[in-house]
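Each chain, letter by letter, is given below.
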Amino acid sequence: MTKWDKRQCDVSPGTGPDIVTFGESMALLMPETGKGIEYSPQLNTTFGGAESNIAIGLARLGHHVGWFGQLGHDPFGRMVLKKIRGEGVDVSRAKLLESAPTGLMLREAVAGKTSVYYYRRFSAMSKMRPEDLDEAYIAQAQILHITGITPALSESCLTTVKAAVRIAKRHGVKVCFDPNLRLKLWGIERAREVLLSLAGDADYFLPGLDELKLLYQTEAFDEIISKLGRLSAVTVVKGGDEESYLVEKGSVTAVPFVKAERVVDTVGAGDGFCAGFLSAIMQGSGHLEAVKLGSLIGSLVAQAPGDWEGLPTREEIDAVLQGSRHIER
């Protein structure tokens with residue numbers, strides 16, 4: 001049985017979010033910094049998920065953005081839904097399922113090493129099917145953002161992602177794709193097949209350099225760039241030594257990173273980069289300026305703990321761009 005949250009509001013055609021994304025958001029349990037899970041009498045409760053992180057980032061930057069997914073009709077699911085809604089994200093197409101639980105992850109940072117443990121098999125999100133999509137909701141958006149995490153959850157999720165891309169293409173909606181390669185979820189051979197196919201359908205492709213080395217089976221940078229040049233997508237390669245690379249129309253532009261003053265937690269920095277990139281695109285900026293804004297926001301997120309808590313508001317970004325490096329939280 002599927003339950004829709006009764007407080008959700010319908011989105012009329014033409015009035016819905018400008019950017020739509022979907023995927024799994026999970027409850028996140030963490031001990032105090034520096035303690036291992038097995039030695040911690042208490043765990044802090046929050047949530048995380050690449051797609052909802054990006055949605056929150058875009059909402060804080062002033063955009064009308066929608067996120068949907070499937071959560072369990074349980075305390076974790078209700079908590080996640082309330083918090084995403086509380087950040088100004090439209091969740092009118094999210095579902096709470098009686099028949100399956102909310103996904104769960106635990107994370108610890110001990111002696112400089114971060115470890116993550118996932119409990120998401122048979123989760124509510126893994127049961128998503130193409131018929132769960134609202135075509136009109138996707139069709140009225142300007143951009144559909146997807147990641148490679150969702151198709152790794154189950155075959156039905158893979159089919160759903162492909163169906164969402166077809167809907168977007170049918171209605172002239174741009175597709176942004178971040179591969180977010182997770183080898184804990186599937187093998188590299190299957191991942192390579194699926195992710196490269198989705199990259200071929202994307203208008204914006206946002207991979208990491210390490211991901212591309214695995215997907216293209218080469219360490220040679222020139223060969224990777226050559227393969228990216230065959231895609232129709234505008235590609236941003238994250239994770240170079242000192243810079244990102246903008247690849248479009250056969251040309252490559254190196255864009256220096258915005259250096260973090262101090263790195264506290266790198267989890268969520270890539271999602272911050274994506275939110276910044278898409279925000280700039282929505283504002284009509286060129287691709288180079290979009291990469292620069294993405295780099296700035298990724299840097300700011302890395303300087304704060306949490307998956308999404310450190311995502312800046314538009315006012316905070318304006319303060320940084322005006323020359324003040326200090327952000328009042």
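Residues numbered from 1 in each chain as written. Predicted model: local features only at pLDDT ≥ 70, side-chain atom pairs only at ≥ 80, totals over all residues. Heavy atoms only, no water.

Things to note about the packing of helix α9 (residues 269-282) against helix α10 (residues 287-302)
- α10 packs onto α9 with a crossing angle of 145 degrees between their chain directions and a minimal axis gap of 7 Å. The crossing of α9 and α10 is right-handed. Residues Ala-269, Gly-272, Phe-273, Gly-276, Phe-277, Ser-279, Ala-280 and Ile-281 of α9 form the contact with α10, whose participating residues are His-287, Glu-289, Ala-290, Val-291, Leu-293, Gly-294, Ser-295, Ile-297, Gly-298, Val-301 and Ala-302.
- For the contact of α9 with α10, a count of residues per class yields 11 nonpolar, seven polar and one charged. (Axes fitted to C-alpha atoms, helices over the stretch in contact; angles between N-to-C directions. Helix = DSSP H or I, 4+ residues; strand = E, 2+ residues; numbered from the N terminus. Left-handed = near helix turned anticlockwise from the far one by under 90°. Contact = heavy atoms within 4.5 Å. Nonpolar A, V, L, I, M, F, W, Y, C, P; charged D, E, K, R; others polar.)

Details of the pattern of salt bridges
- Evaluated as defined, the whole model comprises 15 salt bridges.
- Glu-131 is paired through a salt bridge with Arg-129; the nearest N and O atoms lie 3.5 Å apart.
- Classification of Glu-131 by relative accessible area gives exposed; the value is 55%.
- By relative accessible area, which is 41% here, Arg-129 ends up partly exposed. (Salt bridge = Lys/Arg side-chain N within 4 Å of Asp/Glu carboxyl O. Buried < 20%, exposed > 50% of the residue type's maximum accessible area, 1.4 Å probe, protein only.)

Comments concerning the packing of helix α1 (residues 50-60) against α9
- Following both chains from N to C, one finds α1 and α9 inclined at 45 degrees, their axes separated by 8 Å at the closest point. Our classification of the angle between α1 and α9 gives oblique. α9 is crossed by α1, and the crossing has right-handed handedness. In this structure, α1 contributes Ala-50, Asn-53, Ile-54, Gly-57 and Leu-58 to the contact, and α9 contributes Asp-271, Cys-274, Ala-275, Leu-278 and Ser-279.
- Of the residues belonging to the contact of α1 with α9, the class tally is six nonpolar, three polar and one charged. (Parallel < 35°, antiparallel > 145°, perpendicular 65-115°, else oblique.)

With respect to the nonpolar core
- Trp-67, Val-89, Phe-277 and Leu-278 are the most contacted members of the largest nonpolar core, which totals 50 residues.
- When sequence neighbours within four positions are dropped, the list of residues in contact with Val-89 reads Ala-55, Ile-56, Ala-59, Val-65, Gly-66, Trp-67 and Ile-84.
- Counting 44 residues, the second largest nonpolar core, distinct from the first, contains Ile-138, Leu-144, Ala-163 and Tyr-216. (Core = buried A, V, L, I, M, F, W, Y, C linked by side-chain atoms within 4.5 Å.)

What to know about the pairing of strand β5 (residues 65-68)
- Side chains Val-65 and Trp-67 of β5 all project onto a buried face; the interleaved residues Gly-66 and Phe-68 project onto the opposite face, where all are buried too.
- Looking at chain direction, strand β2 (residues 19-22) and β5 are connected through four bridges and run parallel. For Ile-19, the partnering residue across the bridge sits in β5 and is Val-65. (Pairing = 2+ DSSP bridges.)

Quick word on unusual backbone geometry
- For Asn-180, which is not a glycine, the phi torsion comes out positive at approximately 40 degrees.
- Residue placement: Asn-180 occurs in the loop between β11 (174-178) and α6 (188-201).
- The phi dihedral of Lys-249 is positive, around 50 degrees, even though this residue is not glycine.
- The topology assignment puts Lys-249 in the loop between β14 (243-248) and β15 (251-256).
- Relative accessible area serves as the criterion here: at 86%, Lys-249 is assigned to the exposed category.

Looking at the sheet that holds strand β9 (residues 113-119)
- Across the sheet, four strands lie side by side as β4-β3-β8-β9; this open sheet has mixed pairing. Of all the strands in the sheet, the pair left with one neighbour each is β4 (44-48) and β9. With direction set aside, neighbouring strand axes in the sheet form an average angle of 25 degrees.
- As paired elements, strand β8 (residues 104-110) and β9 share seven bridges and run antiparallel to each other. Across the sheet, residue Arg-107 finds its bridge partner in β9, namely Val-116.
- Along the sheet face, helix α2 (residues 75-86) touches β3 (26-30), β4 and β8 and points at about 65 degrees away from the line of β4.

Regarding the state of the cysteines
- Counted by the stated rule, this structure contains zero disulfides.
- Note on Cys-157: no disulfide assigned, nearest cysteine sulfur contributed by Cys-176 at a separation of 19 Å.
- Residue class for Cys-157 comes out buried when judged on its relative accessible area of 0%.
- Given the relative accessible area of 0%, Cys-176 is considered buried. (Disulfide = S-S within 2.5 Å.)

With respect to the layout of surface pockets
- Looking at the largest pocket, its volume works out to about 1,200 Å³.
- In terms of lining residues, the largest pocket is bounded by 46 residues, among which Thr-266, Gly-268, Ala-269, Gly-270 and Asp-271 are the most central.
- Listed by contribution, the elements that provide at least two residues to the lining of the largest pocket are α1, β8, β9, α7 (209-215), α9 and α10.
- Looking at side-chain class alone, the lining of the largest pocket contains 18 nonpolar, 16 polar and 12 charged residues. (1 Å grid on protein atoms, 1.4 Å probe; cavity = no way out; pocket = protein on both sides within 12 Å on 5 of 7 lines; lining within 4 Å. Points joined across faces, edges and corners; volume = space filled by probe spheres on them.)

Just distances and angles here, no functional claims.
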